Amino acid sequence: MSEGKKSPHSSCSWFKECVIQVKICVCQDRTTTNDNLYEKAKNYALNFLASNTELSINKDDVAREVADVVEKAFQKKCFDQRPPAYVVAQKERKKIPEDPEKKFIKLSP
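Everything numeric in this text was worked out from a predicted model, so none of it was measured.

1. Some thoughts on the side chain of Thr 32
Then step 1. Here Thr 32 shows up in the loop between helix 1 (13–28) and helix 2 (37–51).
Then step 2. Relative accessible area serves as the criterion here: at 0%, Thr 32 is assigned to the buried category.
Then step 3. A polar side-chain atom of Thr 32 sits 3.2 Å from the main-chain carbonyl oxygen of Val 26.
Then step 4. Polar contacts involving the side chain of Thr 32 include one to the main-chain carbonyl oxygen of Asp 29, which spans 3.3 Å.
Then step 5. Excluding residues that lie within four positions of it along the chain, Thr 32 makes contacts with Val 26, Leu 37, Lys 40, Phe 79 and Gln 81.

2. Thoughts on helix 1
Then step 1. Spanning 16 residues, helix 1 covers 23 Å between terminal C-alpha atoms, matching the ideal 22 Å at 1.5 Å per step.
Then step 2. Listing the buried residues of helix 1 in full gives Trp 14, Phe 15, Cys 18, Val 19, Val 22 and Val 26. The buried residues of helix 1 occupy one face: seen down the axis, they fall within an arc of 140°. Opposite the packed face of helix 1, turned more than 90 degrees from it, sit the exposed residues Ser 13 and Gln 28.
Then step 3. Against the buried residues of helix 1 lie helix 2 and helix 3 (59–73).

Basis of the calculations
Residues numbered from 1 in each chain as written. Predicted model: local features only at pLDDT ≥ 70, side-chain atom pairs only at ≥ 80, totals over all residues. Heavy atoms only, no water. Helix = DSSP H or I, 4+ residues; strand = E, 2+ residues; numbered from the N terminus. Buried < 20%, exposed > 50% of the residue type's maximum accessible area, 1.4 Å probe, protein only. Polar contact = N/O pair within 3.5 Å; in protein donor to acceptor, adjacent residues only side chain to side chain. Contact = heavy atoms within 4.5 Å. Expected span 1.5 Å × (residues − 1). Arc of directions from axis to C-beta.

Listed below in structure tokens is the structure:
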């Protein structure tokens, strides 16, 4: 991720529209994880830019810039693909203290 650099295209309406569309696609994609977020964002940006043929720009560079913006926006978002009820149940189970007597198998003499 390029820190401290501001995109020269960030004030353009098509750039903002591209970022919005990429965010929507990333959120709707059920296979997105924190590990593949950047690559997916870059690919969705390339798809968006390919449909706008009137743009005469370096599409790979712009796609990387869009991916940087999207990655920064979703930095703290959890892309857990498990059902929400399952995730909540797992968190609640960890809060229950476990009896030390039930941790180990009692051997009979």
